[in-house]
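# Architecture and fold: a report
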Amino acid sequence: MKNARQPSHLVFLGPPASGKGTQGRRLADELGLAYLSTGGFLREILREGGEAASQVKPYLDRGHYVPDEIMLPLVRAWMSRHADGWVLDGFPRTLAQAEELDALLDPVERRSLRAVCLEVPEAELRKRVASRVECLDCHWTAGDSEIETCAKCGGRMAPRADDDLEKFARRYEEFRTQALPAIKFYQESGRALTLDGLSAPDQVYQDLRSALDKMTDS
Ligand code: AMP
């Protein structure tokens, strides 16, 4: 249920496998907000095939970020259908995307936006990437590669094509060079909330809710 005191515009930033999807989706469900995983959205475009798929495939195949001129129109179109508030997982991921997102918001929304930054050591991320599987239909993620059926929608679970260690290394490097400046941008404007993402998912979620409450009260 939405509540006037709860934040209604949230973005999740963090390296691959830091828990953006797990935490972002749960928060969106509990706050009654729309949820977008830009990575999941791009993988769906790939599955559907056609012109859009051939535009994004070379980047996803190599573990590189999809350029802003492809990414921004996709996100703008989604946002025009979800004007009441959202949780974004994996967007923005560059300083230019963060600035563009601010430009799409009105001043009140811009000030109240919260950027959740999940911190997890690289060695742990590598372990998570090696064992996680994702639902081909709803993109729910599980940390155990033995799980074959999605607990959320009954779809088929499979490892992600970009979760091999070589691609992980590239994606992590993209995070360091491109997403860290976006995180700094939110820190400098007092909208970032940095969390230790190493704890168990329920603990991270509790920490997230209490940090959000504190920020809303102050
Ligand atoms: P994710 O599922 O968030 O790990 O994203 C998977 C891949 O999708 C990333 O490694 C990028 O190649 C691409 N991607 C997702 N979101 C963005 C974005 N905001 N900008 C550019 N590329 C993105």
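Report on the accompanying structure. Only a predicted model underlies this, so the values are computations on that prediction, with no experimental measurement involved.

### A few points about the layout of surface pockets
Reported here for the second largest pocket is a volume of approximately 310 Å³. Lining the second largest pocket are 16 residues, and of these R43, L46, R160, A161 and D162 sit closest to its centre. Looking at the lining of the second largest pocket, the elements with two or more residues in it are α2 (38–48), α3 (50–62) and β5 (133–135). Residue composition of the lining of the second largest pocket, grouped by class: seven nonpolar, one polar and eight charged.

### A short note on the pattern of salt bridges
Per the counting criterion, the structure on display carries 20 salt bridges. Here R171 and D163 are joined by a salt bridge, their closest N and O atoms 3.0 Å apart. Assessed through its relative accessible area of 9%, R171 is described here as buried. On the accessibility criterion, D163 (7% relative accessible area) is buried. Several salt bridges converge on common partners, so that one network encompasses R43, R132, E134, R160, D162, D163 and R171.

### A few points about helix α1 (residues 20–31)
An α-helix turns once per 3.6 residues; consequently, residues spaced three or four apart project the same way. Over its twelve residues, α1 runs 16 Å from end to end, which matches the ideal 16 Å to within 8%, given 1.5 Å per residue. Inspection of α1 places K20, Q23, G24, R25, L27, A28 and L31 among the buried residues, and these make up the whole buried set. Following α1 by one or two positions, G32 has its phi on the positive side, about 70°.

### Section: the nonpolar core
Counting 36 residues, the largest nonpolar core has V11, L13, W86, L88, L101 and Y186 as its most contacted members. For this core, the leading source of residues is helix α8 (residues 165–188), giving seven residues. In this view, L88 contacts L10, V11, F12, L36, W78, M79 and L101; residues no more than four positions away in its chain are not counted. In terms of nonpolar packing, the next biggest core, distinct from the first, is built from 16 residues, L10, F12, V87 and Y205 among them.

### Describing helix α5 (residues 95–104)
Along α5, the residues classified as buried are Q97, A98, L101 and D102. Looking straight down α5, one finds its buried side chains confined to an arc of 140°; they lie on one side. Against the buried residues of α5 lie β1 (9–13), α4 (68–80), β3 (86–89), α6 (107–112) and α8.

### Regarding the packing of aromatic side chains
Under the counting rule described, the total for this entry stands at three aromatic pairs. Residues Y172 and F175 carry aromatic rings whose centres are separated by 6.1 Å and whose planes lie at 35° to one another, so their mutual orientation is tilted. Of the two residues, Y172 and F175 both sit in helix α8, three residues apart, roughly one turn of that helix. The exposure class of Y172 is buried, given its relative accessible area of 15%. An aromatic cluster of three or more residues is present, and its members are F168, Y172 and F175.

What counts as what
- Residues numbered from 1 in each chain as written.
- Predicted model: local features only at pLDDT ≥ 70, side-chain atom pairs only at ≥ 80, totals over all residues.
- Heavy atoms only, no water.
- 1 Å grid on protein atoms, 1.4 Å probe; cavity = no way out; pocket = protein on both sides within 12 Å on 5 of 7 lines; lining within 4 Å.
- Points joined across faces, edges and corners; volume = space filled by probe spheres on them.
- Helix = DSSP H or I, 4+ residues; strand = E, 2+ residues; numbered from the N terminus.
- Nonpolar A, V, L, I, M, F, W, Y, C, P; charged D, E, K, R; others polar.
- Salt bridge = Lys/Arg side-chain N within 4 Å of Asp/Glu carboxyl O.
- Buried < 20%, exposed > 50% of the residue type's maximum accessible area, 1.4 Å probe, protein only.
- Expected span 1.5 Å × (residues − 1).
- Core = buried A, V, L, I, M, F, W, Y, C linked by side-chain atoms within 4.5 Å.
- Contact = heavy atoms within 4.5 Å.
- Arc of directions from axis to C-beta.
- Phe/Tyr/Trp six-rings, centres within 6.5 Å; stacked < 30°, edge-to-face > 60°.

Nothing here speaks to function; it is all geometry.
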